[in-house]
Each structure stands twice: as structure tokens, then as C-alpha cells.
Number of protein chains: 2
Amino acid sequence: MFKQLESDPLGERHPAREVLTRLKLNDAGLIPAIAQQHDTGEVLMLAWMNREALDETLATGQVCYYSRSRQALWRKGEQSGQVQRLHSLHIDCDGDTLLLKVDQTGPACHTGRRSCFYLQVERDTVVVTSDPEIDPETLYGKDRGQ
Amino acid sequence: MFKQLESDPLGERHPAREVLTRLKLNDAGLIPAIAQQHDTGEVLMLAWMNREALDETLATGQVCYYSRSRQALWRKGEQSGQVQRLHSLHIDCDGDTLLLKVDQTGPACHTGRRSCFYLQVERDTVVVTSDPEIDPETLYGKDRGQ
């Protein structure tokens, strides 16, 4: 399927169901999903979706992942209130990765930081590049999870 | 390790080796790496790195992935000339995903498109959102691989 789409010109359309059913999930039935703030371009996080999470995200416009640690659907922001509204959904050339352009309310990261990518390698050191915007205890209480 | 870093303030530094050795690779020894054009913010692709690919990337400043299909190091652009120069490397809060801000020469995608994410879901259809910048046969010859 994805091999066939490679030679399609700009603007060519296919029924979404035909394409989505051919996504290449991994052995655990999951596909990685990158979340990017739609207007600033900031990459916020990478999480995983199963088919049910993807279907729910497309149906509701509110991003839902699959939590590998909890082995359950993870409606982003359900506990913290820091939801992601889906702006647009993109599939890569191999059909094995999703890019979600989202509108993120507040911090995406469970540490209270805007982005999960707050550690930067600079030669021989790793530097913390942002502070939390909100105390994670405020977001999740003292028994905070992911 | 990554749990401990969560409460570190902006600007805190740790020896890179201590952090990098604790990255959480998957069962196959791989970690997903998102490539983003450093100045425009465009997400170009997602690929995988093993420890050797990461070490080489940091040592040379030229991005090297691990090709799961070829089961070998994949020096991006080796065949096509469309190299990625590493601008900065970022690690996420859980230590299980990398974000590479890169300077991509020409197209990142093996189809000749700038980004691999050229399929967009729009309600009931999937739309092709870009054309190749270069014919893939020019990049890879007729027997083109990834």
C-alpha cells in the first residue's frame, strides 16, 4: 500500500480507512506517535498508540495514546487537565510512524515542563534546558503517575 | 537516573556518559530518534539508533541510524548524498526517545520528498501533501533501497 502511494502526486486522495487499516503496527500492536505543537513547531513528546487509541483520537479530536506501563488507553490530560487537541494527523512514507500536530494545553511533560525533551547533550555534558511551568504535584497530586 | 533528573533546575549539568549509558533501549537494543530541521521546525522522519549509531553520530556530527531492514548501521545520505548534520541532540524525560535537531541536505525521505510525513488524514480521506523534490531514481538508482 505505502509503496504504491510513493508515486502519487500532490493532492492525490485515498479513502482513509484503506490507508489506516494498513498502518504497520509493531508486534505489540503499537505505532509511535510524535506530538508537535502545530503553530510553534516544538516537538512535545513521543508516545504510542494502538488501533483503538488512534480511532478514538480521530473520532473525538482529543489525543488518546496507549500507555505501555499501565497497559491501558491513556487519554492525554485526563488526570492533569493538560489535554492535546488534534490539529492534523500525518503518516510517514512507510506507514509505521504518526505525526500529530496538536494544540497542547499547558505542559505536555509529566514533569510539568512544556516539552519532554528538556535534556540536551552538549559535548561531554547533559544540560537541563527548561524548568517546569507547573509543579507536577499540582498536576497529579503526590502520587503522581505518567 | 531519569527520575532523579526531573527535579533538576534549568542549567543543571551532568556528565554526558552517565546519562547516555542509562538510555532505555528496547529489547532489540534500539531507541527511536526523531529528526527535525533545526531552523524551520519541520519534522523530517523517525528512525532508530543503536548505541553504536548514537556514538558515531555524536563523534562525527553526521547522523547515523540503525537500519532495521538491513540490520546494519545506516549513515544517512551515504548513498543518496542527502546527509543530516547534527545541530543538537535532546533526550526525553524517560530516557527512551531522542530528538535530533539537524540540518538536512535536500530531501530526508527515500521518496525524494523533503519530509517522510507526506500523507495527511483529512476526515475520510488521506491526502498526499508534497511532491518529490528529486526523482528517487536520481538519488538511489533504479534498485533503490531505503
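The rules behind these values
- Residues numbered from 1 in each chain as written.
- Chains lettered and ligands numbered in written order.
- Predicted model: local features only at pLDDT ≥ 70, side-chain atom pairs only at ≥ 80, totals over all residues.
- Heavy atoms only, no water.
- Salt bridge = Lys/Arg side-chain N within 4 Å of Asp/Glu carboxyl O.
- Helix = DSSP H or I, 4+ residues; strand = E, 2+ residues; numbered from the N terminus.
- Buried < 20%, exposed > 50% of the residue type's maximum accessible area, 1.4 Å probe, protein only.
- Least-squares fit on C-alpha atoms with pLDDT ≥ 70 in both.
- Contact = heavy atoms within 4.5 Å.
- Pairing = 2+ DSSP bridges.
- Axes fitted to C-alpha atoms, helices over the stretch in contact; angles between N-to-C directions.

K.L.:
I keep staring at the pattern of salt bridges and nothing clicks. Help me out?
P.N.:
For side chains of opposite charge, pairing can occur when their charged atoms come near one another. Evaluation of the coordinates by the stated rule reveals 14 salt bridges over all chains. One salt bridge connects B:Glu122 with A:Arg13, and the closest N-O pair in it is separated by 3.2 Å. With B:Glu122 in strand β8 (residues 119-122) and A:Arg13 in strand β1 (residues 13-15), the pair connects residues from two separate chains. B:Glu122 sits in the partly exposed class, given a relative accessible area of 33%. Under the relative-accessibility criterion, A:Arg13 is labelled partly exposed at 47%.

K.L.:
Honestly, the relation of the copies chain B and chain A in this entry has me stumped. Any pointers?
P.N.:
Relating the two copies of this chain is a rotation about some axis coupled with a shift parallel to it. Mapping chain B onto chain A leaves a residual RMSD of 0.0 Å; the transformation is a rotation of 180° accompanied by 0.0 Å of translation along its axis. Here the copies are linked by what is in effect a two-fold axis. Taking the C-alpha atom as reference, chain B places B:Gly41 closest to the rotation axis, 2.5 Å from it. Most of the interface of chain B is mirrored in chain A: 100% of its interface residues are interface residues there too.

K.L.:
Is there a simple way to explain the pairing of strand β3 (residues 43-49) of chain B in this structure?
P.N.:
Each regular strand carries side chains that alternate between the two faces of the sheet. Residues and elements named next belong to chain B. Burial runs high along β3: seven of the seven residues are buried. One ladder, built from six bridges, connects strand β2 (residues 31-37) with β3; its direction is antiparallel. Following the sheet pairing, Ala35 is matched in β3 by Met45. Where β2 folds back on β3, the antiparallel hairpin that results is connected by five residues, among which Gly41 adopts a positive phi of roughly 85°.

K.L.:
Explain the sheet that holds strand β6 (residues 84-91) of chain B here, please?
P.N.:
The pairing of strands in a sheet comes from backbone hydrogen bonds and takes either a parallel or an antiparallel form. Strand order in the open sheet made by the seven strands is β1(B)-β9(A)-β8(A)-β6(B)-β7(B)-β2(B)-β3(B), with mixed pairing throughout. Either end of the sheet is taken by a strand with one partner, and the two such strands are β1 (13-15) and β3 of chain B. Within the sheet, the average angular offset between the axes of one strand and its neighbour, ignoring direction, is 30°. In terms of strand pairing, β6(B) meets strand β7 (residues 98-104) of chain B through seven bridges, oriented antiparallel. Across the sheet, B:Leu86 pairs through a bridge with B:Val102, a residue of β7(B).

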